[in-house]
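Chains, contacts and geometry: an overview
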Amino acid sequence: MKFFPGVLLLLLLQCSMHVQAQRNCGTTEYMQRLIKADPSINNSLNKTAALTTAVAGQHPAAKDIAFNDIINVPVVIHIMYNTADQNISLDQIQSQLIALNNDYSNLNADKINTPPVFAALAADTKIRFCLAQVDPQGRKTSGIVRKYSNRDAFSPDDAVKYSAQGGDDGWDCKRYLNIWVCNMGSRTLGYSSLPGGPSATDGVVISFDVFGTTGNVRSPFDKGRTATHEIGHWLGLKHIWGDAICGSDEVDDTPVQQYYNYGCPSFPHVSNCSPDGNGDMYMNFMDFTNDACMSLFTNGQKIRMRALFATGNVRNSFLTSFACDSTLASAGPLPPTDTIATVKQVIEVKVYPNPMQSSAVVEYLGALKSLSVKTINIYTVTGNKIYSATFNTAKTSVNVAGFAKGVYIFTVEEGTNRYTKKMIKE
Ligand SMILES: [Zn+2]
């Protein structure tokens, strides 16, 4: 009888281990269901995956975008709430953006926990996320939509992505990453669409209680890694075990592993198909471990994610989204919808030729053909101002001979009026 308390303690310990929450990502099952309902989706997914593999193989010669240029991804957060808890605070939302940018920059403080042999493979993806500053109509926005829903929970069936089904319609997926935050109401922490899937449902869905690092977040998913992981899928990454026993994630520098890991293993965790004694890269963001035990994307994953932004691939349009740049929003407070057309008519500016070679002409027409002082600013696609000048004539010329080939944003301002034009330098 003496050993009895010890046995009880063991049983209790085992029970508590089983009760501890395990990560559950709904992406694989979600996509399988979509394909079953519409097999043609598979063609588009496979085509995108093949193009991505081809471009990644050409690295670093991906057209349009140098390997280490910053890619800015404007994000719109749709907060769908049924209770006050689910209507998470601005602090909680911002904490998620900070966590995302740290993780995708390899600036996460807990990277010191990555075993050195794997830390050597860790990458700054040079992909950054911002709350959208410009909405699809060109107006200023916070990048956050809050909406009450009479549904108390959503499942991975995409209802959250449709206003007509108690959710909220997505913004243009060619220019914005849509993130729906809602009560997932089950073990699933989140799920993502895959590149090449249907436009209307493109984006990721995350449960409100695993979104961000502060506020209504629950351990052990309280470091924002559910969003880091799901956006990894949105950027074309597979689970690190390749969703099969000893499967392939199509990334060269992530070791083959038998299956997923959960909780928090200790290094090394060797499985049947480990290539060497270092075992699984269980601390990769694309495994199923707890938030506190994840710490890196690899260089190979970076190449694969960035390949999606190459010419002809599905995220290429993000290079000219510009919605991270608040200076490109129409000036002043939101105009009532019925006055937008009037505001636009006031500003009549031409910039030409487009594409431009050595110079660009900026010409005022109509109401603005005055002698007042006007400012012209030119920005790179990443929002850096590279030129600024004022003038008070109706027409002026800007020397662009020294500009690198690529896309530029011209803004012309007079008082509170602003005109914006995308220009190509050849
Ligand atoms: Zn996943």
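See the structure shown above.
None of these values were measured; they are calculated from a predicted model. (Residues numbered from 1 in each chain as written. Predicted model: local features only at pLDDT ≥ 70, side-chain atom pairs only at ≥ 80, totals over all residues. Heavy atoms only, no water.)

1. Considerations on the state of the cysteines
The following threshold applies: We call a pair of cysteine sulfur atoms a disulfide whenever their separation is within 2.5 Å. Under the scheme used here, helices are H or I runs from DSSP no shorter than 4 residues and strands are E runs no shorter than 2 residues, and both carry numbers assigned from the N terminus. For each residue, the accessible area found with a 1.4 Å probe, counting protein chains only, is set against the maximum for its type, and the residue is called buried under 20%, exposed over 50%, and partly exposed in between.
Enumeration over the complete set of coordinates arrives at three disulfides. The disulfide partner of C246 is C273, and the S-S distance across this bridge is 2.1 Å. Note on the C246 and C273 pair: the S-S dihedral is about -85°, so by sign convention the disulfide is left-handed. One end of the pair, C246, is in the loop between α6 (225–234) and β7 (262–263); the other, C273, is in the loop between β7 and β8 (288–289), and 27 residues separate them in sequence. Linked covalently through their sulfurs, C264 and C293 form a disulfide whose S-S length is 1.8 Å. Disulfide C264-C293: the torsion about the S-S bond is -110°, which places it as left-handed. In this pair, C264 sits in the loop between β7 and β8 while C293 sits in the loop between β8 and α7 (299–307), placing the two residues 29 residues apart along the sequence. Judged by its relative accessible area of 11%, C293 is buried.

2. Some thoughts on the coordination of the zinc ion
How we decide: Each metal site lists N, O and S donors within 2.8 Å (3.2 Å for Na, K and Ca). With water left out of the atoms, a site can look as if it is missing ligands. Here the metal geometry follows the donor angles, with tetrahedral for four donors whose angles all fall between 85 and 135 degrees, square planar for four and octahedral for six when opposite donors are more than 155 degrees apart and every other angle is between 65 and 115, and irregular for all the rest.
Surrounding the zinc ion are the protein donor atoms C25 (SG), H229 (NE2), H233 (NE2) and H239 (NE2), which sit 2.0 to 2.2 Å from the metal. Between the four donor atoms coordinating the zinc ion, the angles at the centre fall across 97 to 118°, so the site counts as tetrahedral. Sequence spacing of the donor residues for the zinc ion, all on one chain, is C-x203-H-x3-H-x5-H. With a gap of 214 residues between them, C25 in the loop between α1 (4–19) and α2 (27–37) and H239 in the loop between α6 and β7 connect regions that are remote in the sequence.

3. Focus on the packing of aromatic side chains
This is how it is decided: Ring pairs are drawn from Phe, Tyr and Trp, using the six-membered ring of Trp, whenever the two centres fall within 6.5 Å, and their geometry is named by plane angle: stacked under 30 degrees, edge-to-face over 60, tilted for the rest. Counted as over-ring charges are cases with an Arg CZ or a Lys NZ within 6 Å of the ring centre that also lie within 35 degrees of the ring normal.
For the structure shown, the criterion picks out 16 aromatic pairs. Between F118 and F267, the ring centres sit 6.0 Å apart and the planes meet at 85°, which makes this aromatic pair edge-to-face. Taken together, the residues span a long stretch of sequence, with F118 in helix α5 (residues 116–119) and F267 in the loop between β7 and β8 at a distance of 149 residues. Judged by its relative accessible area of 4%, F118 is buried. With a centroid separation of 5.1 Å and an interplanar angle of 85°, the aromatic rings of W171 and Y176 are classed as edge-to-face. As far as the burial class goes, W171 and Y176 line up, both buried. Chaining the aromatic ring pairs together yields one cluster made of W241, Y259, Y260, Y262 and F288. A cation over a ring is seen here: R315 above W234, with NZ or CZ 3.8 Å from the ring centre.

4. Notes on the pattern of salt bridges
Opposite charge on two side chains permits pairing when their charged atoms draw close. Put simply, the rule reads: Salt bridges are counted wherever a side-chain nitrogen of Lys or Arg sits within 4 Å of a carboxyl oxygen of Asp or Glu.
Within this structure, the stated rule accounts for 12 salt bridges. Residues K126 and D124 are paired through a salt bridge, measuring 3.7 Å at the closest nitrogen-oxygen approach. Among the ionic pairs, R304 bridges to E250, the shortest N-O distance being 3.6 Å. Within this pair, whereas R304 is found in helix α7, its partner E250 is found in the loop between α6 and β7, the two being separated by 54 residues in sequence. If you follow the salt bridges from partner to partner, you end up with D103, D110 and R225 in one network.

5. Side note on the sheet that holds strand β10 (residues 359–364)
So the rule is basically this: Paired strands, as defined in this entry, are two strands with at least two bridges between them according to DSSP. Convention adopted: a line fitted to C-alpha atoms gives each axis, helices being fitted over their contacting stretch, and angles between N-to-C directions are expressed from 0 to 180 degrees.
The sheet built from three strands is open, its strands ordered β9-β10-β13 with antiparallel pairing. Edge strands, defined here as strands with exactly one partner in the open sheet, are β9 (349–352) and β13 (395–399). Averaged over neighbouring strand pairs, the angle between their axes works out to 15° when direction is ignored. Bridge count between β9 and β10: four bridges; the pairing is antiparallel. By the bridge assignment, V349 is partnered in β10 with Y364.

6. Things to note about helix α4 (residues 90–105)
The following threshold applies: A helix's residues, less one, multiplied by 1.5 Å, set its expected span. Contact between two residues is taken to exist if any of their heavy atoms lie within 4.5 Å; hydrogens are not considered.
Between its first and last C-alpha atoms α4 spans 22 Å; for 16 residues at 1.5 Å apiece the expected length is 22 Å, and the two agree. Among the residues making up α4, those that are buried are Q92, I93, S95, Q96, L97, A99, L100, N101, D103, Y104 and S105. Residues of α4 that are buried in the fold lie against β1 (71–81), β2 (127–131), β3 (144–148), α6 and α7. Looking at the residues trailing α4, positive phi occurs at N106, about 60°.

7. Structural notes on unusual backbone geometry
Note the cis peptide between S219 and P220, where omega equals 5°. As for its placement among the helices and strands, P220 is situated in the loop between β6 (204–207) and α6. Of note, the amide linkage connecting F267 to P268 takes the cis form, showing an omega dihedral of -5°. Among the secondary structure elements, P268 is positioned in the loop between β7 and β8. Unusually for a residue other than glycine, C246 sits at a positive phi of about 55°. A positive phi angle, near 65°, is found at F322, a position not held by glycine. If you trace the backbone, F322 turns up in the loop between α7 and α8 (340–346). A relative accessible area of 10% means that F322 is categorised as buried.

8. What about the nonpolar core?
Note the threshold: Buried Ala, Val, Leu, Ile, Met, Phe, Trp, Tyr and Cys residues form a nonpolar core when they are joined through side-chain atoms within 4.5 Å.
Among the nonpolar cores identified, the biggest contains 47 residues, and I77, F129, I179, I231 and L235 are the most heavily contacted of them. Listing elements by their share of this core, those giving two or more residues are β1, α4, β2, β4 (177–182), β6 and α6. Take this core: its biggest share by element is five residues, from β1. Excluding anything up to four places from it in sequence, L235 contacts Y104, I127, F129, P195, R304, M305, L308 and F309. Membership of the second largest hydrophobic core comes to 16 residues, among which are V351, A360, F410 and V412.

From the geometry alone we can't say anything about function, so treat these as descriptive.
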